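# Results of the structural survey
Residues per chain are reported as follows:
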Amino acid sequence: MAEIRDLSTPVPPLSDYADELARQTAAKELTERYPDSTFAGAPAALVASLEANVDALAAEIVDVSRDIHAHPEVAFQEHYAVETLVRHLAEHGIEAEVGAYGVETAIRAEFGPADGPAVGIIAEYDALPGIGHACGHNVMAAAGIGAVLALKKLYDEDPASVPGRIVFFGTPAEEGHSGKEYMARGGAFAPGSLDACIMVHSYGYDAADQVWLGRRTLTVNFLGSPAHASAAPFMGRNALDAANLVYSAVGLLRQQMTPVDRIHAIITQGGTRQSIITEDAQMKFYVRSKFPGMLKDLSRRLENIINGAALMTDTGVDIQWDEHPATLPVRSNTALEGRYVAAERRRGRDPLPLGVVSESLAASTDFGNVSFRVPSIHSLIKVAPHDVDLHTHAFAESVGTEAGDKGAVDAAYGLAQTALDVLWDDELRAAVHREFEEQGGAIDVEHYFD
């Protein structure tokens, strides 16, 4: 007879699938390499000077990373991080605007000739509630500002060495929100305003690119009619029944969803007493997909399920999409990626091409909304062991160690050289813009799901 397990505790999930993904990734790391860039980039002497600037700023970059790590702040409350970044900018002669684009904890700063090309460099700095910098935004903030300071030092030594504008964007509220989209609606990242916009993300691998899914949020309220659950249930309309139908139907829909689609659902309200037919029920959803069109279609199919549940139960329903603006998948520019990879190879890193790390290990970011407005990259820097997941205590610990420090400095250099390459290399810029247009060009992100 089979042994009956202890039903008071859950069965730990098997790690077999995750272990197999890790084995496959390790095997691909040995054989797959990002192709060499075909573009010249900036002059070699300037690249060497820029790298020396980054190394000279290393202690300051690490200080920024450690300082923000020690003072985690959640979305839209990142006042310490903002003050820290603005202070370091000011110490290097860069005046910054706080509250840029109508967002209280957003930053904008720039330098360089207004009549040349322009590159945006992004820093994120919000933390996760209760767990701190478990996504490594402290590293990303330090990398972004470190790149800007290294380029400013080059510019101060010889203004002709930076033949275009460097625009720094401090972007709040990425975790569970859409800070960059709020900034965009205030005028940031306007199509045609930047030749490129670049940032890095903390990760367990060095990677030129990784899949990031678009994400929408949805709140659904079902309205029923209360009745005595025993004496007169036939006089009620059960809102919880409607929520239950939706939850079950989403499970069935998963059979027909593509492998890169996701729906996560919870029932946040489902009744007050067992003896009362439930009058109010609420559900909350995340809806994700790898492609904007698929995300739009998945949203339509989910809304059909919800309306169908209301019809079946004679309940009312209120559907509210996107409490915070939706985020699109990241559209990466390979011409830019190639220059970032070339820069990181100077630092002894070799970022992996797309597809080496499984696309099933995919999250979401509001940077996707930037990438459908201007040519962009969102490359990844290794700051933790590959088996340490984002959004965990272990990851938060790692980004506050020497691994995070080295990642911040190396990422600062990667961003700085990529920006300088774009400003100097006319053929690179032309290829960046040509690729962006071939991908579909800029879209109306704000109204995409209308």
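Up top is the structure.
Residues numbered from 1 in each chain as written. Predicted model: local features only at pLDDT ≥ 70, side-chain atom pairs only at ≥ 80, totals over all residues. Heavy atoms only, no water.

Turning to helix H7 (residues 239-253), a few remarks are in order. The first and last C-alpha atoms of H7 sit 21 Å apart over 15 residues, in line with the 21 Å expected at 1.5 Å per residue. Looking at H7, one finds that the buried residues are Ala239, Ala242, Ala243, Val246, Val250 and Leu253. In a view along the axis of H7, the buried residues occupy a sector of 100°, so they form one face of it. On its buried face, H7 sits against strand S6 (214-223), strand S7 (262-269), strand S8 (280-289) and helix H8 (292-313). The backbone nitrogen of Leu240 lies 2.9 Å from a side-chain oxygen of the residue at the head of H7, namely Asn238. (Helix = DSSP H or I, 4+ residues; strand = E, 2+ residues; numbered from the N terminus. Expected span 1.5 Å × (residues − 1). Buried < 20%, exposed > 50% of the residue type's maximum accessible area, 1.4 Å probe, protein only. Arc of directions from axis to C-beta. Contact = heavy atoms within 4.5 Å. Polar contact = N/O pair within 3.5 Å; in protein donor to acceptor, adjacent residues only side chain to side chain.)

It is worth spelling out the sheet that holds strand S3 (residues 118-124) at this point. Reading across the sheet, the 6 strands line up as S1-S2-S4-S3-S5-S10 and stay open at both edges, with mixed pairing between neighbours. The open sheet is flanked by strand S1 (96-98) and strand S10 (376-382), the only strands paired with a single partner. Strand-to-strand twist of the sheet, defined as the mean angle between neighbouring strand axes without regard to direction, takes the value 20°. Two elements, strand S2 (residues 107-111) and strand S4 (residues 165-171), share 5 bridges in a ladder whose sense is antiparallel. (Pairing = 2+ DSSP bridges. Axes fitted to C-alpha atoms, helices over the stretch in contact; angles between N-to-C directions.)

Once that is clear, we can look at unusual backbone geometry. Of note, the phi angle at Phe189 is positive, near 55°, even though the residue is not glycine. Looking at the secondary structure, you find Phe189 in the loop between helix H6 (179-185) and strand S5 (196-203). Residue Phe189 is classed as buried on the basis of its relative accessible area, which comes to 2%.

This part is about the nonpolar core. Membership of the largest hydrophobic core comes to 66 residues, with the highest contact counts inside it found for Leu85, Ile121, Leu151, Ile166 and Phe168. Setting aside anything within four residues of it in sequence, one finds Leu151 in contact with Leu50, Phe111, Ile121, Val162, Ile166, Ala416, Ala419 and Leu420. Ranked by size, the runner-up nonpolar core spans 30 residues in total, among them Ala243, Leu253, Leu298 and Leu328. (Core = buried A, V, L, I, M, F, W, Y, C linked by side-chain atoms within 4.5 Å.)

Relative orientation of the contacting elements helix H12 (residues 402-424) and helix H13 (residues 426-438) amounts to 100°, with a least axis distance of 5 Å. For the element pair H12 / H13, the angle class is roughly perpendicular. For the pair H12 and H13, contact is made by Asp421, Val422, Leu423 and Trp424 and by Asp426, Leu428 and Arg429, respectively. (Parallel < 35°, antiparallel > 145°, perpendicular 65-115°, else oblique.)

Turning our attention to the packing of H7 against H8. Two elements in contact, H7 and H8, have axes whose closest approach is 9 Å; the angle formed by their N-to-C orientations is 145°. Taken as a pair, H7 and H8 cross one another with a handedness that is right-handed. Taking contact as the criterion, the partners of Asp241, Ala242, Leu245, Val246, Ala249, Val250 and Leu253 in H7 are, on H8, Leu298, Arg301, Leu302, Ile305, Ile306, Ala309, Met312 and Thr313. (Left-handed = near helix turned anticlockwise from the far one by under 90°.)

The subject of this paragraph is the sheet that holds S7. Taken together, 4 strands build an open sheet; the order of strands is S7-S8-S6-S9 and the sheet is antiparallel. Strands at the two margins of the open sheet, each flanked by one partner only, are S7 and strand S9 (316-321). On average, each strand axis in the sheet is tilted by 20° relative to the strand beside it, whichever way the strands run. Bridging between S6 and S8 involves 10 bridges; their strand directions are antiparallel. Paired with Thr219 across the two strands is Lys284, which belongs to S8. Each of S6, S7, S8 and S9 touches H8; the most contacted strand, S6, lies at about 10° to it.

Turning our eyes to something else, we now look at the pattern of salt bridges. Between side chains of opposite charge, pairing is possible as soon as their charged atoms come close. Evaluated as defined, the whole model comprises 29 salt bridges. In this structure, Asp426 and Arg429 form a salt bridge, with 2.6 Å as the shortest nitrogen-oxygen distance. With a gap of 3 residues between them, Asp426 and Arg429 both fall in helix H13, about one helical turn apart. (Salt bridge = Lys/Arg side-chain N within 4 Å of Asp/Glu carboxyl O.)

The subject of this paragraph is the side chain of Glu181. Residue placement: Glu181 occurs in helix H6. Using a relative accessible area of 0% as the deciding quantity, one classes Glu181 as buried. Here the side chain of Glu181 touches Asn369 through a polar contact of 2.9 Å, side chain to side chain. Among residues more than four places away in sequence, those in contact with Glu181 are Pro325, Asn369, Arg373, Val445 and Glu446.

In this section: the side chain of Ser371. Position of Ser371 relative to the elements: it lies in helix H10 (residues 367-371). Within polar-contact distance, the side chain of Ser371 engages the backbone nitrogen of Arg331 at 2.9 Å. Here Ser371 is in contact with Pro329, Val330, Arg331, Ser376 and Phe436, once residues within four sequence places are set aside.

Here we come to the environment of Ala326. Summarising the element assignment, Ala326 is placed in the loop between S9 and helix H9 (334-346). Through-space distance from the C-alpha of Ala326 to that of Glu104 is 20 Å; in sequence the pair is 222 residues apart. Beyond its immediate sequence surroundings of up to four residues, Ala326 is in contact with Arg215, Arg216, Asn369 and Phe449.

Burial runs high along S6: 8 of the 10 residues are buried. One ladder, built from 6 bridges, connects S6 with S9; its direction is antiparallel. Each residue of the ladder has a partner; that of Val220, found in S9, is Ile319.

Counted under the stated rule, the structure contains 6 aromatic pairs. Summarising the aromatic geometry, the rings of Phe76 and Tyr182 are spaced 6.0 Å apart at their centres and angled 65° between planes, so their arrangement reads as edge-to-face. Residue Phe76 is located in the loop between helix H3 (58-70) and helix H4 (79-91), and its partner Tyr182 is located in helix H6; the two are separated by 106 residues in the primary sequence. Residue Phe76 is classed as partly exposed on the basis of its relative accessible area of 28%. Judged by relative accessible area, Tyr182 falls into the partly exposed class, the value being 29%. (Phe/Tyr/Trp six-rings, centres within 6.5 Å; stacked < 30°, edge-to-face > 60°.)

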